[in-house]
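# Working through the structure, step by step
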Amino acid sequence: MFEQEQAIWSVREISRYLRDLIESTEPLQNIWVQGEISNFSRPKSGHWYFTLKDTTAQLPCVMWRTAAELQLTVPEDGESVQVHGGLSVYEAGGRYQLYVDEIRPAGEGKLYQDFLRLKAKLEAEGLFALERKRALPGLPRRIGIVTSPVGAALRDILNTITRRFPLAEVIVAPAAVQGPEAPAQLAAALRRLNQFAQPDLILLARGGGSLEDLAAFNSEKLARTIVASQAPVVCGIGHETDFTIADFAADLRAPTPTAAAELATPNKLDLAESLAELSQRLARSFFGLVREQRWALQATVQTLERHSPLARILRDRQRVDDILLRVERALRQRTRLLKANQDGLHARLLALDPARVLERGYAVVSKTDGSVVSRTRQVSEQEALTVRVSDGRFGVQVKKRMKDEG
Amino acid sequence: MRDEGRNMPNKIEDLKYEEAFAELEKIVEELEGDLANLDKALQLFERGQALARHCAALLEKAELRVQQLTDGGELEEFEGN
């Protein structure tokens, strides 16, 4: 027995042998394992270490940083999960372990089944029927928002409304958007908004998360509250690919909170454009009317021209045109005309000012009693008179009276 | 006092955007319809222009107002986010 030389393995050799054996066993390299997380640790390296266990066994697990970073949530001890990866041997520790590349909550399967059951039930009741959906108001004056008061969803929505339609008034009704309290709080916030704020529409929103995180929006109670809401409800929950019961019950479903705010509000630029268009129509229609009236007037004048006793006077085309021009002016530029008249009157008054006349070289001749001389017969030869010019007066004596021939 | 007459239109500066816009739309439709009275047309035109100016100013200077609904149904200014 001793003669038969038996090969002696080194520790390293046996570890390597087992490792090769396991790594070359195809079914062990692509497996899902379900269990409970324990001893979870996350050192600075960013790698995750934990043990997956069930009632009777344990399996050491490693998740490298590159894979761990892709996980939306960090698992906790006691959490029931399903992990995916491949088995290998950690030679330095002398143990086999699972190298994990994905972790998902173990409840997902059941949650999804519940989701499908509830959806089918409410659908059968007609809660999701298209004819039940209400139209959104074009210009919502008051917008209600049901969401977490501290989430990114609210910030995105407020930014979007500020950018698109700052004329709106926003009422936030805060509610937890995940956890056991969330479904009741969301429904209560919706009811409260309708009761106390009477918004024109309500946005129901939450940022992205796992199916478990979105579970609050899959409650039957919330779905029925949405359907009963007086104001139409727009849902913006999670990411594009997430569908919740609330989405189906809502009057409009948007892929994200930001998209919900966009669907709910008109764009300021579009409003400005339709306003400009309307202003144009206003001017066009008014001046069109003025033109029509002028044509009608012209036609009347022509009729008058043919039939009235005034025909002789009106036959003068130039005079007709003159009248028309004046009528049109009176209609379209009443105030300007008035002002122009005033200015003209003023000029004429200025022209009549005697000082202006003297300025032009005329003189006023008066007798000693102050009466103004305008006729030759008013004076006698040798009579002393006063002559007034623009800058003063001087005395003269009449030499000879000569009346114009005429 | 004059503005308190029964048929007096509302003061334009008190109108909300959608109210002013709706009235402007009505005025344009009226002007585009069969309207024979030029005095009336001038009145409508002038009010229409004032409404358009008001709407443009509202769009220009609007600032979003955010309030929060308390559990008790009270409205208070929204703080945070």
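Cut-offs and rules
- Residues numbered from 1 in each chain as written.
- Chains lettered and ligands numbered in written order.
- Predicted model: local features only at pLDDT ≥ 70, side-chain atom pairs only at ≥ 80, totals over all residues.
- Heavy atoms only, no water.
- Helix = DSSP H or I, 4+ residues; strand = E, 2+ residues; numbered from the N terminus.
- Buried < 20%, exposed > 50% of the residue type's maximum accessible area, 1.4 Å probe, protein only.
- Contact = heavy atoms within 4.5 Å.
- Areas by Shrake-Rupley, 256 points an atom, 1.4 Å probe, with all protein chains shown as cover.
- Buried area = accessible area lost by both parts, 1.4 Å probe.
- Salt bridge = Lys/Arg side-chain N within 4 Å of Asp/Glu carboxyl O.
- Polar contact = N/O pair within 3.5 Å; in protein donor to acceptor, adjacent residues only side chain to side chain.
- Pairing = 2+ DSSP bridges.
- Axes fitted to C-alpha atoms, helices over the stretch in contact; angles between N-to-C directions.
- Parallel < 35°, antiparallel > 145°, perpendicular 65-115°, else oblique.
- Nonpolar A, V, L, I, M, F, W, Y, C, P; charged D, E, K, R; others polar.
- Core = buried A, V, L, I, M, F, W, Y, C linked by side-chain atoms within 4.5 Å.
- pLDDT = per-residue confidence, 0-100.
- Left-handed = near helix turned anticlockwise from the far one by under 90°.

A tally of regular secondary structure across chain B gives 2 helices and 2 strands. Starting at the N terminus, the α and β elements of chain B follow one another as α-α-β-β. Here chain B holds 81 residues, and the buried ones make up 40% of them. The long-range fraction of contacts in chain B, counting pairs at least 24 apart against all pairs at least 6 apart in sequence, stands at 48%. Summed over its atoms, the accessible surface of chain B is roughly 5,500 Å², and 43% of this surface lies on carbon and sulfur atoms.

Right, let's get into the interface of chain A and chain B. Interface extent is often summarised as the accessible area lost during association of the parts. In this assembly, 42 residues from chain A lie in contact with 41 residues from chain B. Around 3,600 Å² of area is buried between chain A and chain B when both sides are counted, 70% of it from carbon and sulfur atoms. Looking only at chain A, the three residues that lose the most surface to chain B are Leu-275, Leu-282 and Phe-286 of chain A, adding up to 18% of its buried area. Put simply, chain A and chain B have 3 salt bridges between them. In this structure, the salt-bridge partner of Asp-71 of chain B is Arg-192 of chain A, at a minimum N-O distance of 3.5 Å. At the surface where chain A touches chain B, the tally comes to 7 residue pairs in polar contact (both at pLDDT 80 or more). Looking at the side of chain A that touches chain B, the elements that each hand over two or more residues are helix 4 (152-164), strand 7 (169-174), helix 5 (182-197) and helix 9 (268-307) of chain A. The element best represented in the side of chain A that touches chain B is helix 9 of chain A, accounting for 16 residues.

A separate point is the sheet that holds strand 7 of chain A. Strand order in the open sheet formed by 7 strands is 10(A)-9(A)-8(A)-6(A)-7(A)-1(B)-2(B), with mixed pairing between adjacent strands. Both edges of this open sheet fall to strand 10 (252-254) of chain A together with strand 2 (75-77) of chain B, since each of them pairs with a single strand only. The sheet shows a mean angle of 25° between the axes of neighbouring strands, taken without regard to direction. Where strand 9 (residues 233-237) of chain A and strand 10 of chain A come together, 3 bridges link them in parallel fashion. Residue pairing across strands places Val-234 of chain A opposite Leu-252 of chain A, the latter belonging to strand 10 of chain A. Together, strand 6 (142-147), strand 7, strand 8 (201-206) and strand 9 of chain A together with strand 1 (65-69) of chain B form the strand contacts of helix 5 of chain A, whose direction differs from that of strand 6 of chain A by roughly 160°. Along the sheet, helix 8 (residues 257-264) of chain A makes contact with strand 8, strand 9 and strand 10 of chain A, crossing strand 8 of chain A at roughly 170°.

All names here are of chain A. The N-to-C vectors of helix 5 and helix 6 (residues 220-228) enclose an angle of 10°; their axes lie 8 Å apart at closest approach. Taken together, the axes of helix 5 and helix 6 lie roughly parallel to each other. In contact with Ala-184, Leu-186, Ala-187, Leu-190 and Arg-191 of helix 5, helix 6 contributes Lys-221, Leu-222, Thr-225 and Ile-226. A class-by-class count of the residues in the contact of helix 5 with helix 6 yields 6 nonpolar, 1 polar and 2 charged.

One finds Ile-161, Val-170 and Leu-203 of chain A together with Tyr-17 and Leu-31 of chain B to be the most contacted residues of the largest nonpolar core, which totals 51 residues. For this core, the secondary-structure elements that each account for two or more residues are strand 6, helix 4, strand 7, strand 8, helix 8 and helix 9 of chain A together with helix 1 (17-32) and helix 2 (38-61) of chain B. Take this core: its biggest share by element is 10 residues, from helix 2 of chain B.

Hydrogen bonds along the backbone pair up the strands of a sheet, which may run parallel or antiparallel. Residue and element names in this part refer to chain A. Taken in spatial order, the 3 strands line up as 11-12-13 in an open sheet, and their pairing is antiparallel. The sheet is open, and its two borders are formed by strand 11 (364-366) and strand 13 (392-397), each paired with just one other strand. Recorded for the sheet is a direction-independent mean angle of 30° between the axes of neighbouring strands. As defined by bridge partners, strand 11 adjoins strand 12 (residues 384-389) across 3 bridges and the pair is classed as antiparallel. If you follow Val-364 over to strand 12, its bridge partner there is Arg-388.

As for its position among the elements, Glu-169 of chain A is in strand 7. By relative accessible area, Glu-169 of chain A is classed as buried at 16%. Not counting residues within four places of it along the chain, the set of residues in contact with Glu-169 of chain A comprises Arg-141, Arg-142 and Ile-143 of chain A together with Arg-65 and Gln-67 of chain B.

Let us now look at the pattern of salt bridges. Tallying each qualifying case throughout the model produces 19 salt bridges over all chains. Close ionic contact of Arg-65 of chain A with Glu-69 of chain A constitutes a salt bridge, the shortest N to O distance being 3.3 Å. Salt-bridge contacts for Arg-65 of chain B lead to Glu-77 of chain B; the nearest nitrogen and oxygen are separated by 2.9 Å. Note that Arg-65 of chain B is positioned in strand 1 and Glu-77 of chain B in strand 2, a separation of 12 residues in sequence. The exposure class assigned to Arg-65 of chain B is partly exposed, which follows from its relative accessible area of 41%.

This part is about the confidence of the model for chain B. All names here are of chain B. On average, residues of chain B score 82 in pLDDT, and 85% of them reach the 70 mark or higher. When mean pLDDT is compared element by element in chain B, strand 1 scores highest at 92, while helix 2 scores lowest at 88. Confidence over residues 1-7 falls short of pLDDT 50; this stretch has 3 contacts with residues more than four positions distant or in other chains. Note on the complex model: pTM 0.55, ipTM 0.82.

Let us now look at the packing of helix 1 of chain B against helix 2 of chain B. All names here are of chain B. Where helix 1 meets helix 2, the closest approach of the two axes is 9 Å, and the angle between their N-to-C directions is 150°. Relative to helix 2, the element helix 1 lies roughly antiparallel. Pair helix 1 / helix 2 crosses with left-handed handedness. From helix 1, Tyr-17, Ala-20, Phe-21, Glu-23, Leu-24, Ile-27, Glu-30 and Leu-31 reach across to helix 2, where they touch Lys-40, Ala-41, Leu-44, Phe-45, Arg-47, Gly-48, Leu-51, Ala-52, His-54, Cys-55, Leu-58 and Leu-59.

To continue, consider the side chain of Glu-383 of chain A. Along the chain, the position of Glu-383 of chain A falls in the loop between strand 11 and strand 12. Not counting residues up to four positions away in its chain, the partners in contact with Glu-383 of chain A are Lys-367, Gln-378, Val-396, Gln-397 and Val-398 of chain A.

Most of the time, phi is negative for any residue but glycine, and the peptide bond is trans. All names here are of chain A. Backbone geometry places Gln-198, a non-glycine residue, at a positive phi of 40°. Within the secondary structure, Gln-198 sits in the loop between helix 5 and strand 8. Positive phi values are uncommon outside glycine, yet Gln-382 reaches one of about 75°. Relative to the helices and strands, Gln-382 resides in the loop between strand 11 and strand 12. Among the residues examined, Gln-382 registers a relative accessible area of 51% and is labelled exposed.

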